[in-house]
Amino acid sequence: MAKLDHEEGATVAPGHPPANGYLLVPGGEPPGKLSAEPQNGPKAGCLTLNGVSRDRLVAAAESLGRPQTPLAPEEETQTRLLPTGPGEETPGAEGSRVPQTALSARRFVVLLIFSLYSLVNAFQWIQYSIISNVFEGFYGVSSLHIDWLSMVYMLAYVPLIFPATWLLDTRGLRLTALLGSGLNCLGAWIKCASVERHLFWVTMLGQCLCSVAQVFILGLPSRIASVWFGPKEVSTACATAVLGNQLGTAVGFLLPPVLVPNTQNNTDLLACNISTMFYGTSSVATFLCLLTVIAFKEKPQYPPSQAQAVLQKSSPAEYSYKKSIRNLFRNIPFVLLLITYGIITGAFYSVSTLLNQMILTYYKGEEINAGRIGLTLVVAGMVGSILCGLWLDHTKTYKQTTLIVYILSFLGMVVFTVTLELGHIAVVFVTGGVLGFFMTGYLPLGFEFAVEITYPESEGTSSGLLNAAAQIFGILFTLAQGKLTSDYGPRIGNIFLCIWMFLGIFLTALIKSDLKRYNINIGIVNGDIKAVPVEDSPTDQESKTMMISKQSESAI
């Protein structure tokens, strides 16, 4: 059974400003006491809200004691809901009761299914690169051809992210999930028909379909977390959803070297081993596709948090995807995060793609250990992701945590570069694990930080843009590092990545932290809600900042 919270929710559009002429304001606290403290606010005792001047709020507060003039229907005002004293139940838009929040038990099923088919998709991304020398020999192609089997994931994402996020925002979570799972299954089956030495183009076709499936997968973790999980578990849920993709990469590092050992002298055996890997993957993908059809639902009956309640009930006609994209690119902190996320995640993609080549340069015949080092890197990153998610749910220190993890990722890359050529592969296992713990652990941090600083814009759109930046940097870094590694050795290629990550540290330090979603949740959790009319629409004016002092709140 879903367990209902005692807080009331609000009804406004997904990814848009509220409607009908009201502004969110905290209330219901005794005089002289704040209902909530904002994160990263300018000073204690104040709450930051966007869209109105302080004088206007005070005027609105004073006007509560006088009869109100009804708003004309043609007035273009927006609605936000504000907490009032406990026990009051206030009509929402058009006099309807505001919804209660609830946590549905189905949320764990949805999260598990998504994590598993995301795992299979990530496995198919890396299954060629980790045994690149084997596939080079089998298909009779160059290392660049095998690298493109990985880079096609990055290449497909960039042009397709905009239609994919539009589909997510306008057609919903379930349809997007079905497309991701279905295309992943279809691509896996096409690969089964490519186990002939002259059919490299068929395996590329299957990989292209899997790469399109990835477009409908990578942007979903933050959306699933926001739509299905409560405010005290949303970061952990996002980290868990990302963990599925990381686990797939880990399995992709581990299983292919074991299932397809280097038996170039026996082509029939090699073809049989490759076929076993492909058929096993397609069988699992089919099972998960069926589970998605049966059990993956659009959203729970009740919103899981007040921030989600504020976003849920609006006409699709009110939503403008172009305006949402425009708002995101006008948000300077988000643009900075877009660049820094792209740098660190692109570096991770490049290291993952070229890991086999780097290891075999210094440790000949160690294909299996190269896969195990990749496994160590990703498993350590999974631990880092979960710990970072738990830490964010507990502290909400998004910028500080992001900056610290970025610095430690840079240091991990430096240490990995230095120890790679020492000749002790056990040391590489340790330094690879440290690098993965921080570099892969950063992924959910970026998603959740983006949702906070861009609220109420769609989580799918912000996550999609972050992933697009990661794919662009991933392609550029893989091509550049691959060329440097081939011509000058792995050390120069890794130094190239270190320079870019060092730049990312400075850009991360410039991001202004404004935790909009958190401030809405914390303001409403402490009380029920009532509506306070305002004159201007938040979408029709530049973003302003308003401080509510203890005296003003007491007056309200």
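Definitions and cut-offs
Residues numbered from 1 in each chain as written. Predicted model: local features only at pLDDT ≥ 70, side-chain atom pairs only at ≥ 80, totals over all residues. Heavy atoms only, no water. Helix = DSSP H or I, 4+ residues; strand = E, 2+ residues; numbered from the N terminus. Contact = heavy atoms within 4.5 Å. Phe/Tyr/Trp six-rings, centres within 6.5 Å; stacked < 30°, edge-to-face > 60°. Buried < 20%, exposed > 50% of the residue type's maximum accessible area, 1.4 Å probe, protein only. pLDDT = per-residue confidence, 0-100. Axes fitted to C-alpha atoms, helices over the stretch in contact; angles between N-to-C directions. Parallel < 35°, antiparallel > 145°, perpendicular 65-115°, else oblique. Left-handed = near helix turned anticlockwise from the far one by under 90°. Nonpolar A, V, L, I, M, F, W, Y, C, P; charged D, E, K, R; others polar. Core = buried A, V, L, I, M, F, W, Y, C linked by side-chain atoms within 4.5 Å. Salt bridge = Lys/Arg side-chain N within 4 Å of Asp/Glu carboxyl O. Expected span 1.5 Å × (residues − 1).

1. Observations concerning the environment of glycine 381
Okay, so step 1: Along the chain, glycine 381 falls in helix α13 (residues 367–395).
Okay, so step 2: As a C-alpha pair, glycine 381 and glycine 433 span 52 residues in sequence and 7.6 Å in three-dimensional space.
Okay, so step 3: What glycine 381 contacts, discounting residues up to four positions off in sequence, is Gln246, Gly436, Phe437, Thr440 and Gly441.

2. Looking at the packing of aromatic side chains
Each aromatic ring pair is described using two quantities: the centre-to-centre distance and the angle formed by the ring planes.
Okay, so step 1: Counted by the stated rule, this structure contains 19 aromatic pairs.
Okay, so step 2: Consider the rings of phenylalanine 477 and phenylalanine 496, whose centres lie 5.7 Å apart with planes at 90°: the pair is edge-to-face. On the criterion of sequence distance, the pair formed by phenylalanine 477 in helix α17 (residues 459–488) and phenylalanine 496 in helix α18 (residues 490–509) is long-range, its members being 19 residues apart.
Okay, so step 3: Look at phenylalanine 477 and you get buried, because its relative accessible area is 3%.
Okay, so step 4: Aromatic ring contacts, followed pair by pair, group Tyr128, Phe135, Phe138, Tyr139, Phe200 and Phe278 into a single cluster.

3. Quick look at the confidence of the model for the protein chain
Okay, so step 1: Here the protein chain averages 75 in pLDDT, while 74% of its residues score no lower than 70.
Okay, so step 2: Across the protein chain, the element-wise mean pLDDT spans from 34 in strand β5 (residues 528–531) up to 93 in helix α5 (residues 173–191).
Okay, so step 3: Counting interchain partners and residues more than four positions distant, the pLDDT-below-50 stretch residues 1–96 has 262 contacts.

4. Quick word on the packing of helix α4 (residues 143–171) against α17
Okay, so step 1: Relative orientation of the contacting elements α4 and α17 amounts to 160°, with a least axis distance of 9 Å. Comparing their axes, α17 and α4 come out roughly antiparallel. Helix-helix and strand crossings are classified by hand; for α4 and α17 the assignment is left-handed.
Okay, so step 2: Its residues placed into classes, the contact of α4 with α17 shows 15 nonpolar, 9 polar and 1 charged.

5. Section: the side chain of threonine 431
Okay, so step 1: As for its position among the elements, threonine 431 is in helix α15 (residues 425–439).
Okay, so step 2: Dropping the residues within four chain positions of it, threonine 431 is found in contact with Val415, Phe416 and Thr419.

6. Focus on the nonpolar core
Okay, so step 1: Grouped together as the largest cluster of nonpolar side chains are 128 residues, with contacts concentrated most on Phe135, Ile224 and Phe278.
Okay, so step 2: For this core, the leading source of residues is helix α12 (residues 332–362), giving 14 residues.
Okay, so step 3: Setting aside residues no more than four positions away along its own chain, phenylalanine 278 makes contact with Gln127, Tyr128, Phe135, Tyr139, Ala188, Lys191, Cys192, Ser194, Val195 and Thr203.

7. Details of the pattern of salt bridges
Okay, so step 1: All chains considered together, the criterion is met by 3 salt bridges.
Okay, so step 2: Notably, a salt bridge pairs arginine 107 with glutamate 233, separated by 3.0 Å at the nearest N-O pair. Within this pair, whereas arginine 107 is found in helix α2 (residues 106–126), its partner glutamate 233 is found in the loop between α7 (220–228) and α8 (234–259), the two being separated by 126 residues in sequence.
Okay, so step 3: The exposure class of arginine 107 is buried, given its relative accessible area of 9%.
Okay, so step 4: Relative accessible area serves as the criterion here: at 22%, glutamate 233 is assigned to the partly exposed category.
Okay, so step 5: For lysine 483, the salt bridge identified is with aspartate 487, shortest N-O distance 3.3 Å.

8. Brief notes about α2
Okay, so step 1: An ideal rise of 1.5 Å per residue puts 30 Å on 21 residues; α2 measures up with 31 Å between its terminal C-alpha atoms.
Okay, so step 2: Among the 21 residues in α2, 16 count as buried, and that is most of the element.

9. Observations regarding the packing of α2 against α7
For any two helices packed against each other, the geometry comes down to the angle between their axes and how far apart the axes lie.
Okay, so step 1: Their axes nearest at 10 Å, the elements α2 and α7 cross at an angle of 175°. Taken together, the axes of α2 and α7 are roughly antiparallel relative to one another. Of the residues in α7, those in contact with Arg106, Arg107, Val110, Leu111, Phe114 and Tyr117 of α2 are Leu220, Pro221, Ile224 and Trp228.
Okay, so step 2: When the residues that make up the contact of α2 with α7 are grouped by side-chain class, the tally is 8 nonpolar, no polar and 2 charged.

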